[in-house]
2 protein chains.
Amino acid sequence: MSTIDWERGVVEAAHGAGGRAMGQLIEQLFRRAFDNPQLNAGDDFARLEVPAGPLVMSCDAHVISPLRFPGGDIGALSVHGTVNDVAMAGARPLYLAAAFIIEEGFPLAELRAIVESMASAAREAGVSIVTGDTKVVQRGKGDGVFITTTGVGVREEGLVLSGAAARPGDHILISGPIAEHGVAVMAAREQLALSGDLRSDSAALNGLVQAMLNALDDRSQLHALRDPTRGGVAAALNEMAAQSGVAMRIDEASVPLRAEVAAACELLGLEPLQVANEGRLIAICAPEASQRLLTAMRQHTWGTESALIGEVSAGDPGRVSLRTRFGVERWLEPPHGEPLPRIC
Amino acid sequence: MSTIDWERGVVEAAHGAGGRAMGQLIEQLFRRAFDNPQLNAGDDFARLEVPAGPLVMSCDAHVISPLRFPGGDIGALSVHGTVNDVAMAGARPLYLAAAFIIEEGFPLAELRAIVESMASAAREAGVSIVTGDTKVVQRGKGDGVFITTTGVGVREEGLVLSGAAARPGDHILISGPIAEHGVAVMAAREQLALSGDLRSDSAALNGLVQAMLNALDDRSQLHALRDPTRGGVAAALNEMAAQSGVAMRIDEASVPLRAEVAAACELLGLEPLQVANEGRLIAICAPEASQRLLTAMRQHTWGTESALIGEVSAGDPGRVSLRTRFGVERWLEPPHGEPLPRIC
């Protein structure tokens with residue numbers, strides 16, 4: 001088998017066409033980077049070893065532009081996004097499938113860097129990328145590379161987390177400062193010279209979720225988890241308020257937000273509560289569990305700045321209100337769309 | 001919630017942006033069409049009810065152009081492609097995840113037709129589409145719609161089918177006439193006026209696989225299944241010969257091929273054995289099982305023209321030879337790439 005020119009080579013139509021060129025790319029790139037027995041078996045499917053327990057499945061297409069940004073790239077993001085969705089079910093993510101849609105002419109060196117970043121993110125998160133697909137589209141029919149990842153994980157028997165499980169009286173927690181992913185990507189995209197260190201929060205949160213579950217004697221006190229990605233905290237809370245038929249109330253002053261991110265949002269005309277995060281989670285829990293959860297969260301790498309930001313009430317079902325820094329009460333609406341397209 | 005204009009509306013950036021517009025599209029299109037309790041729960045993950053047994057996972061990105069072709073469309077194809085990969089493991093496909101990457105400006109009416117075609121294909125195949133994602137990219141950064149599907153299924157304990165399990169002496173079967181998908185798509189793409197009824201063979205093969213397994217008292221007599229998609233029969237056989245470290249020999253005259261498809265291939269300069277199929281399978285089995293399997297296959301809707309086309313030998317490991325219609329023996333090489341790009 002000839003060697004791929006990693007320095008100057010580019011992706012060609014044949015790399016996605018099922019023949020020898022694709023076989024070579026799979027062999028010399030994907031299998032080497034992801035290296036696991038399922039992928040190495042060479043079939044169009046993977047056989048999974050799954051411990052007992054109910055399964056969870058989640059899926060995310062990643063079309064972020066630019067492909068690299070401070071704090072991450074599309075490769076790591078495509079692992080984090082799906083690992084987090086599975087973890088938000090209270091499940092342990094085990095396996096990922098990854099599908100690449102690549103534009104003809106994309107540099108092989110860039111593809112390799114992205115794939116290596118995925119492999120490294122998967123190792124850190126403790127998941128294996130066990131099966132996948134590669135397709136190539138003509139120039140002008142794609143945009144560099146799109147990566148869709150689908151994850152499966154196993155939930156502990158009896159543990160039911162759902163956005164539909166919030167109850168009046170529950171506390172609302174967040175695991176850290178908001179809006180960092182959206183602002184970092186926006187700054188990279190527009191090549192804005194903003195002050196301060198703007199970096200995406202992109203991270204795998206399955207370890208944090210495990211630490212939270214371990215902190216509770218009665219795990220049923222944790223009702224819902226959601227990662228506030230597209231549409232930000234505003235979208236995530238409005239969705240869960242609607243699913244649960246409850247009202248929610250947030251205290252703006254208690255929501256962690258770094259000064260430089262707040263300044264960037266002001267400059268860009270963005271509402272931080274509507275900006276995407278990729279390494280934060282919202283937890284909704286019985287009030288008696290919130291201190292214990294916060295303590296556990298703050299001891300974890302990805303939760304040091306966790307905070308109690310609001311509570312659930314029986315008021316207007318499906319509505320979220322915000323008490324602003326100035327003491328004014330207003331509705332916190334979900335955005336019509338994400339203010340920043342192609343954010344994840 | 002306002003109503004989507006299905007007649008004149010087009011996909012906008014907001015439809016993939018996590019806010020209200022996306023919620024509306026999910027509610028009024030995906031949930032209505034796919035209608036199942038997992039999707040309706042409204043979480044970013046699906047809880048799966050899975051019977052006991054080892055799991056199988058497979059994943060396919062679909063970028064076919066044109067989106068509709070005689071015999072199918074990208075929606076049905078995206079279900080068939082993944083259902084078939086899971087079925088080739090000897091597993092019963094149960095659940096699919098579906099991710100849509102849509103180009104801004106794509107007509108909502110076309111999207112709805114594709115989604116309804118997916119829903120109908122899923123119902124026919126007995127699988128549920130339980131979770132998914134929708135992303136929108138700017139005009140000129142995509143091509144209508146790309147659909148990635150990932151499937152999971154359950155395999156019977158002890159049943160191990162793999163391309164690595166072919167043994168010298170095994171028989172090689174095919175479930176019907178070849179090259180129909182590739183030729184139909186090519187004719188539609190180039191708007192060629194070819195004679196005869198050229199239609200894709202796109203179909204879900206899980207029922208056929210079940211019928212084959214049911215026909216065997218000793219299921220271990222079936223060694224490998226593969227659907228010869230991109231790269232056609234030539235690619236599939238070369239892959240399995242390499243995985244198993246065996247040689248294979250095919251008799252061209254015994255490979256089913258309709259006269260109009262053969263004529264179209266000749267006109268287009270294509271080798272039918274290298275052209276994609278989307279509703280055919282290759283089975284490799286112990287010689288004593290082949291008659292029983294062929295009988296069962298021929299009684300099934302998708303296997304009426306099944307045939308024995310060759311056998312496995314201990315010769316040059318990883319090589320496939322072809323005895324042509326003219327009695328000449330030559331190597332059957334896998335294509336470098338698929339002769340037709342964007343075929344699935």
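Structure: above.
Residues numbered from 1 in each chain as written. Chains lettered and ligands numbered in written order. Predicted model: local features only at pLDDT ≥ 70, side-chain atom pairs only at ≥ 80, totals over all residues. Heavy atoms only, no water.

Participant: Just checking my understanding: could you explain the packing of helix 1 (residues 20-34) of chain A against helix 4 (residues 108-125) of chain A for this structure?
Facilitator: Helices that pack against each other are described as a pair by the angle of their axes relative to one another and the distance between those axes. Residue and element names in this part refer to chain A. Helix 4 packs onto helix 1 with a crossing angle of 30 degrees between their chain directions and a minimal axis gap of 8 Å. The angle between the axes of helix 1 and helix 4 places the two elements in the roughly parallel class. The crossing of helix 1 and helix 4 is right-handed. Each of Leu25, Leu29, Phe30, Ala33 and Phe34 in helix 1 lies in contact with helix 4, whose residues at this interface are Leu108, Leu111, Arg112, Val115, Met118, Ala119 and Arg123. In terms of residue class, the contact of helix 1 with helix 4 is made up of ten nonpolar, no polar and two charged. (Axes fitted to C-alpha atoms, helices over the stretch in contact; angles between N-to-C directions. Helix = DSSP H or I, 4+ residues; strand = E, 2+ residues; numbered from the N terminus. Parallel < 35°, antiparallel > 145°, perpendicular 65-115°, else oblique. Left-handed = near helix turned anticlockwise from the far one by under 90°. Contact = heavy atoms within 4.5 Å. Nonpolar A, V, L, I, M, F, W, Y, C, P; charged D, E, K, R; others polar.)

Participant: Looking at this model, I keep getting lost on the environment of B:Ala241. Mind explaining?
Facilitator: Relative to the helices and strands, B:Ala241 resides in helix 7 (residues 232-244). In the structure, B:Ala241 is positioned 124 residues away from B:Ser117 in sequence and 36 Å away in space, judged by C-alpha atoms.

Participant: Help me understand the pattern of salt bridges in this model?
Facilitator: Side-chain pairing between opposite charges can occur once the charged atoms of the two side chains come close. On inspection of all chains with the given rule, the structure shows 34 salt bridges over all chains. Between A:Arg280 and A:Asp201 there is a salt bridge, with the nearest N and O atoms lying 3.7 Å from each other. Residue A:Arg280 is located in the loop between helix 8 (259-268) and strand 11 (282-285), and its partner A:Asp201 is located in the loop between helix 5 (180-189) and helix 6 (206-215); the two are separated by 79 residues in the primary sequence. When sorted by exposure, A:Arg280 lands in the same class as A:Asp201, which is buried. Among the ionic pairs, B:Glu305 bridges to B:Arg258, the shortest N-O distance being 3.2 Å. Residue B:Glu305 is located in the loop between helix 9 (290-298) and strand 12 (307-313), and its partner B:Arg258 is located in the loop between strand 10 (247-251) and helix 8 (259-268); the two are separated by 47 residues in the primary sequence. Since its relative accessible area comes to 35%, B:Glu305 is described here as partly exposed. What you see here is one network of salt bridges that share partners, running through A:Glu180, A:Asp201, A:Arg258, A:Arg280 and A:Glu305. (Salt bridge = Lys/Arg side-chain N within 4 Å of Asp/Glu carboxyl O. Buried < 20%, exposed > 50% of the residue type's maximum accessible area, 1.4 Å probe, protein only.)

Participant: Please explain the packing of aromatic side chains as it appears in this structure.
Facilitator: The tally for this structure, following the rule as stated, stands at five aromatic pairs over all chains. Ring centres 6.4 Å apart and planes at 45 degrees place the aromatic pair A:Phe146 and B:Phe146 in the tilted group. On the criterion of chain membership, the pair formed by A:Phe146 in strand 7 (residues 145-155) and B:Phe146 in strand 7 (residues 145-155) is interchain, its members lying in two chains. Look at B:Phe30 and B:Phe100: their rings are 4.8 Å apart centre to centre, the planes differ by 40 degrees, and that puts the pair in the tilted class. Note that B:Phe30 is positioned in helix 1 (residues 20-34) and B:Phe100 in strand 5 (residues 91-103), a separation of 70 residues in sequence. By the burial criterion, B:Phe30 is buried, and B:Phe100 matches it. (Phe/Tyr/Trp six-rings, centres within 6.5 Å; stacked < 30°, edge-to-face > 60°.)

Participant: Hey, could you run me through the sheet that holds strand 7 of chain B in this one?
Facilitator: Backbone hydrogen bonds are what pair the strands of a sheet, in a parallel or an antiparallel way. Strand order in the open sheet formed by five strands is 1(A)-2(B)-7(B)-5(B)-6(B), and the pairing between neighbours is mixed. The open sheet has two edge strands with one neighbour each: strand 1 (46-48) of chain A together with strand 6 (128-137) of chain B. Between one strand and the next, the sheet's axes are offset by a mean angle of 20 degrees, whatever the strand orientation. (Pairing = 2+ DSSP bridges.)

Participant: Would you explain the sheet that holds strand 8 (residues 171-174) of chain B in this entry?
Facilitator: Residues and elements named next belong to chain B. Judged by pairing direction, the sheet is mixed, and its seven strands sit side by side in the order 9-11-8-12-10-13-14 without closing on themselves. Edge positions in the sheet fall to strand 9 (222-226) and strand 14 (329-331), since each of these pairs with one other strand and no more. Each strand axis lies, on average, 25 degrees off the axis of its neighbour in the sheet, ignoring direction.

Participant: Sorry, what's going on with the relation of the copies chain B and chain A here?
Facilitator: The two chain copies are related to each other by a rotation about an axis together with a translation along it. Superposing chain B onto chain A takes a rotation of 180 degrees combined with a translation of 0.0 Å along the rotation axis, leaving an RMSD of 0.0 Å. Accordingly, the operation relating the two chain copies is best matched by a two-fold axis. For chain B, the residue whose C-alpha comes nearest the rotation axis is B:Gly142, separated from it by 2.1 Å. The share of interface residues of chain B whose copies in chain A are also at the interface is 100%, consistent with both copies meeting through the same surface. (Least-squares fit on C-alpha atoms with pLDDT ≥ 70 in both.)

Taken by themselves, the reported measurements are silent on function.
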